[in-house]
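# Structural overview for review
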Amino acid sequence: MTNIIKIENVWKTYDLGKIKLNVLKNVSLEIDQGDFAIILGPSGSGKSTLLNLVSCLDVPTKGNIFFKGKNISEFSEDELAEIRGKDIGFVFQRFNLLPHLTALENVVLPTIFQGKEEKESIGLAKNILESVGLKERLNHRPTELSGGENQRVAIARALINNPEIVVADEPTGNIDSRTGDKIMDILVELNKKEGKTVIVVTHNNDQVKYGNRIIRIKDGEIVK
Amino acid sequence: MYYEYFKVAVKNLRVRPLRSWLTILGIVIGIFLVTSLMSLSEGLKNSIMGELQTMGGDLIIVMPGEDMFSSLMGGNDLTDADLNSIERTRGVETIVAMPWGAEIVRYEDEAKTILITGISFERAITLLKEDMGWHTIEGDFPRSGRREILLGNLVAKNILPDIRVGDEVTIKGKRFYVSGYLRSLGNSQDDSMIMMDLEDFRLVTGKREGAPMAMAKVVSGFEVADVVRNIEESLEETRKRRVGEDTPSFSVLSSDTVSDMVGSIMGILQVAVFAFASIAIIVGGIGVTNTMFTSVNERTKEIGILKAVGAKKSDIVMIFLFESGIIGLIGGVLGVILGVATSKGAELILAYANQMFYLEAHLSFFLIFFGVAFSFFIGCISGYLPARKAAMLEPVDALRYE
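Turning next to the overall build of chain B. Per the secondary structure count, chain B includes 14 helices and 11 strands. When its C-alpha atoms are laid out on the principal axes, chain B stretches across 95 × 50 × 35 Å. By the burial criterion, 49% of the 402 residues in chain B qualify as buried. Counted over contacts in chain B with a minimum sequence separation of 6, partners at least 24 positions apart contribute 80%. Total accessible area on chain B stands at roughly 19,200 Å², and carbon and sulfur atoms take up 60% of it. Looking at charge distribution, chain B has the averaged site of its 39 positive side-chain charges lying 9 Å from that of its 49 negative ones.

Take the layout of surface pockets next. In this model, the second largest pocket occupies a volume close to 710 Å³. Ser48(A), Asn52(A), Gln93(A), Asp169(A) and Arg400(B) are, among the 29 residues lining the second largest pocket, the residues nearest its centre. Listed by contribution, the elements that provide at least two residues to the lining of the second largest pocket are α1 (47-54), β6 (88-91) and β7 (165-169) of chain A together with α14 (395-400) of chain B. A per-element tally of the lining of the second largest pocket places α1(A) first, with five residues. Split into classes, the residues belonging to the lining of the second largest pocket amount to 11 nonpolar, 11 polar and seven charged.

Turning our attention to the confidence of the model for chain B. The predicted model of chain B averages 85 in pLDDT, with 92% of residues at 70 or higher. The ipTM, which scores confidence in the relative placement of chains, is 0.93 for this predicted complex, and the corresponding pTM is 0.74.

Turning next to the pattern of salt bridges. Once their charged atoms are close, side chains differing in charge can pair, the charge on each being opposite to the other. All told, the structure shown has 24 salt bridges over all chains when counted by the stated rule. With a shortest N-O distance of 3.3 Å, Glu82(A) and Lys312(B) are connected by a salt bridge. You can see Glu82(A) sitting in helix α2 (residues 77-87) and its partner Lys312(B) sitting in the loop between α11 (300-308) and α12 (313-353), one on each of two chains. Across the salt bridge formed by Lys344(B) and Glu347(B), the nearest N and O atoms sit 3.3 Å from each other.

Along the chain, Ala275(B) turns up in helix α10 (residues 255-298). Residues Ala275(B) and Val34(B), spaced 241 residues apart in sequence, show a C-alpha to C-alpha distance of 9.0 Å.

Over its 13 residues, helix α5 (residues 147-159) of chain A runs 19 Å from end to end, which matches the ideal 18 Å to within 8%, given 1.5 Å per residue. With 11 of its 13 residues buried, α5(A) lies for the most part within the structure. When we look at burial in α5(A), the residues that qualify are Gly148(A), Glu149(A), Asn150(A), Gln151(A), Val153(A), Ala154(A), Ile155(A), Ala156(A), Arg157(A), Ala158(A) and Leu159(A). Next to the buried residues of α5(A) lie β6, α3 (103-112), α4 (118-131), β7 and α6 (177-193) of chain A together with α11 of chain B.

Spacing of three or four residues puts side chains on the same side of an α-helix, whose turn is 3.6 residues. Residues and elements named next belong to chain B. By the criterion of burial, helix α8 (residues 198-205) is predominantly enclosed, with six of the eight residues buried. Those residues of α8 that fall on the buried side of the exposure criterion are Leu198, Asp200, Phe201, Arg202, Val204 and Thr205. Phi for glycine 206, located one or two positions after α8, is positive at around 80 degrees.

What follows deals with empty space enclosed by the protein. Enumeration over the complete set of coordinates arrives at three cavities of 30 Å³ or more. Arg84(A), Gly85(A), Ile88(A), Gly89(A), Phe90(A), Pro110(A), Arg157(A), Ala158(A), Asn161(A), Pro163(A), Ala308(B) and Val309(B) are the residues that line the largest cavity. For the lining of the largest cavity, the secondary structure elements donating two or more residues are α2, β6 and α5 of chain A. Counting residues per element, the lining of the largest cavity draws most heavily on β6(A), at three residues. For the lining of the largest cavity, a count of residues per class yields seven nonpolar, three polar and two charged.

All names here are of chain A. Spatially, the four strands line up as an open sheet ordered β2-β1-β4-β5, and their pairing is antiparallel. Across the chains shown, the open sheet's two edge strands, defined by having one partner strand only, are β2 (19-32) and β5 (70-71). As paired elements, strand β1 (residues 3-16) and β2 share 10 bridges and run antiparallel to each other. In the sheet register, tyrosine 14 faces β2, and the bridge partner there is leucine 21.

As a further point, take the side chain of His100(A). Considering the arrangement of structural elements, one finds His100(A) in the loop between β6 and α3. Once residues within four sequence positions are removed from consideration, His100(A) is found in contact with Glu105(A), Arg141(A), Lys11(B), Asn12(B), Val15(B) and Glu302(B).

The next thing to look at is a negative patch on the surface. Taken together, the side chains of Asp176(A), Asp181(A), Asp185(A) and Asp206(A) present a region of like negative charge at the surface. Relative to the elements of secondary structure, Asp181(A) occurs in helix α6.

What follows deals with the sheet that holds β6(A). All names here are of chain A. With respect to topology, six strands assemble into an open sheet ordered β6-β7-β8-β3-β9-β10, the strand pairing being mixed. The open sheet has two edge strands, β6 and β10 (221-223), and neither has a second partner. Strand-to-strand twist in this sheet, taken as the mean axis angle between neighbours without regard to direction, amounts to 25 degrees. Summarising the sheet, β7 and strand β8 (residues 197-202) pair through five bridges and their orientation is parallel. Bridging from a neighbouring strand, alanine 168 pairs with valine 200 of β8. Each of β3 (36-40), β6, β7, β8 and β9 (213-218) is contacted by α1, which is oriented at about 155 degrees to β8, the strand it contacts most. Sitting on the sheet, α5 touches β6 and β7, and the angle it makes with β6 is about 170 degrees.

Think of a pair of aromatic rings as described by two things: how far the centres are apart, and how the planes are tilted against each other in angle. All names here are of chain B. Enumeration according to the criterion identifies eight aromatic pairs over all chains in this entry. On the basis of an interplanar angle of 50 degrees and a centroid distance of 5.9 Å, the ring pair of phenylalanine 274 and phenylalanine 370 is categorised as tilted. With phenylalanine 274 in helix α10 and phenylalanine 370 in helix α13 (residues 365-392), this pair connects stretches of sequence that are 96 residues apart. With a relative accessible area of 25%, phenylalanine 274 lands in the partly exposed category. Among the residues examined, phenylalanine 370 registers a relative accessible area of 24% and is labelled partly exposed.

Rules behind the numbers
- Residues numbered from 1 in each chain as written.
- Chains lettered and ligands numbered in written order.
- Predicted model: local features only at pLDDT ≥ 70, side-chain atom pairs only at ≥ 80, totals over all residues.
- Heavy atoms only, no water.
- Helix = DSSP H or I, 4+ residues; strand = E, 2+ residues; numbered from the N terminus.
- Buried < 20%, exposed > 50% of the residue type's maximum accessible area, 1.4 Å probe, protein only.
- Contact = heavy atoms within 4.5 Å.
- Areas by Shrake-Rupley, 256 points an atom, 1.4 Å probe, with all protein chains shown as cover.
- Lys, Arg positive; Asp, Glu negative; His and termini not counted.
- Charge placed at Lys NZ, Arg CZ, Asp CG, Glu CD.
- 1 Å grid on protein atoms, 1.4 Å probe; cavity = no way out; pocket = protein on both sides within 12 Å on 5 of 7 lines; lining within 4 Å.
- Points joined across faces, edges and corners; volume = space filled by probe spheres on them.
- Nonpolar A, V, L, I, M, F, W, Y, C, P; charged D, E, K, R; others polar.
- pLDDT = per-residue confidence, 0-100.
- Salt bridge = Lys/Arg side-chain N within 4 Å of Asp/Glu carboxyl O.
- Expected span 1.5 Å × (residues − 1).
- Pairing = 2+ DSSP bridges.
- Patch = residues over 30% accessible without salt bridge, like charges linked within 9 Å, V, L, I, M, F, W, Y side chains within 5 Å.
- Axes fitted to C-alpha atoms, helices over the stretch in contact; angles between N-to-C directions.
- Phe/Tyr/Trp six-rings, centres within 6.5 Å; stacked < 30°, edge-to-face > 60°.

Printed below as a string of structure tokens:
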């Protein structure tokens with residue numbers, strides 16, 4: 001299998017004035033197309049920083065990141081935004097839905113920046129929301145939905161532009177474990193049935209079972 | 001795509017309706033001031049220019065004083081000697097001197113203060129009829145020695161509505177008879193006057209001689225500019241002959257020159273009015289900037305989300321510009337509506353309360369379009385810096401913001 005993301009000797013350093021904080025130290029890894037990768041580590045280990053780099057939200061201080069063969073470490077912000085919009089779907093721990101938009105509007109939102117036809121997007125969004133079991137919740141706002149429902153809206157939003165990769169940062173961190181399992185099941189299904197590459201960041205050891213690739217990280221370094 | 005930005009922007013504005021409306025109000029006030037003041041000052045200009053244009057182009061106005069202002073302000077009149085010398089000047093067909101003064105006019109039980117003009121009808125009748133378009137609707141022009149008065153159109157219609165030709169009025173204890181009333185002269189100030197023979201006027205007001213100004217009609221075939229120069233020369237001679245007279249001071253202007261002067265004075269006035277009203281719009285614009293900066297700060301996380309799902313810098317800028325542009329546009333539309341309503345209201349109130357002064361608010365398509373377009377422009381300009389700040393946020397930092 002070909003790698004979709006390749007990270008080579010990457011450093012991420014935050015300049016805090018007097019001290020320089022190395023959050024990632026010489027990290028290298030590859031994620032292949034179709035992988036279900038779990039990035040596992042305690043809080044403060046640098047796993048979210050790693051996810052930000054993998055998902056093109058951020059660029060490394062040193063080292064190279066290849067996304068589908070292109071070196072994106074030197075990309076401009078707008079070039080990264082283009083990749084994020086087309087190829088990456090995001091699921092966040094705190095859902096990060098816009099509170100004043102309905103579930104349907106939240107799901108349609110990413111299509112605006114791809115210049116897609118609104119009618120088609122709405123139809124597609126309804127289908128996706130239906131497939132995650134939210135057919136009856138289209139016009140509810142995030143405050144009117146439960147944590148699990150909100151996370152399913154967020155997954156629907158992540159899928160609307162049909163990305164190759166879905167990244168999830170602690171997707172079950174803000175919901176109870178039973179609902180969390182359902183969320184993980186949805187991600188597994190996406191990986192198995194639709195062949196999407198899924199990358200999940202978690203500190204929960206139990207979730208290791210879902211992944212075919214486990215990346216353990218501690219103090220900014222990958223633990224073998 | 002722009003329609004989507006528009007929808008997103010409208011939804012954002014509706015999240016905090018009170019703040020949005022207060023910001024819009026700031027723009028409304030500025031645009032309201034521009035629209036109402038510009039339409040009223042344009043109306044004022046039109047009404048003055050209209051009055052000047054009722055005089056033909058071959059009329060010359062002679063006033064004492066160096067320039068128009070001192071002659072309007074100062075009490076010095078043209079003397080009878082001056083008037084005679086003007087009339088004798090080469091190229092002058094006839095002159096009309098129209099002294100005026102306000103007097104209390106009693107008719108039956110009513111007493112109204114009305115402007116009275118003294119005219120030497122015998123001399124001026126052709127000039128009045130042919131050059132200034134004076135025609136009676138009923139009755140005739142006053143004959144000298146008969147104690148007759150001629151009513152302006154509005155005097156007969158509104159000021160003393162029951163008065164009829166042949167009726168008797170009392171002015172300063174003296175009786176006069178209405179000989180007729182005029183067709184409208186085109187502006188309500190002239191239409192609100194009473195005209196009487198010059199001799200009667202002098203008797204009533206006690207103004208023995210002279211007039212604050214005179215109008216001279218040019219003999220056809222003469223150049224107006226030449227006749228202006230001739231009048232200046234003959235007036236200078238007349239005044240030099242008089243003992244103890246200082247350097248002659250008077251203005252001889254063709255009606256075209258007067259129109260030009262008034263036009264430029266009104267132009268300056270309008271620029272000043274526009275400048276002051278613009279200050280209000282700028283203050284409104286600063287309000288928009290302030291609101292938008294607050295909004296960017298509050299929505300840092302939201303901006304991070306938008307960026308995460310693929311929004312480029314230009315997308316973020318557009319969303320925020322649409323918001324501030326919509327604020328400007330709504331403010332502009334409401335401001336124009338309020339401005340139009342106010343200037344029309346002012347027009348009605350003036351027409352109702354004061355027949356001496358007439359003003360029609362001038363509402364052009366351009367003014368309305370300009371008001372709306374300008375406020376939209378101000379909205380966009382005011383939103384640019386906040387929009388740029390939003391666009392420059394790093395997605396990772398913005399997402400972390402709580």
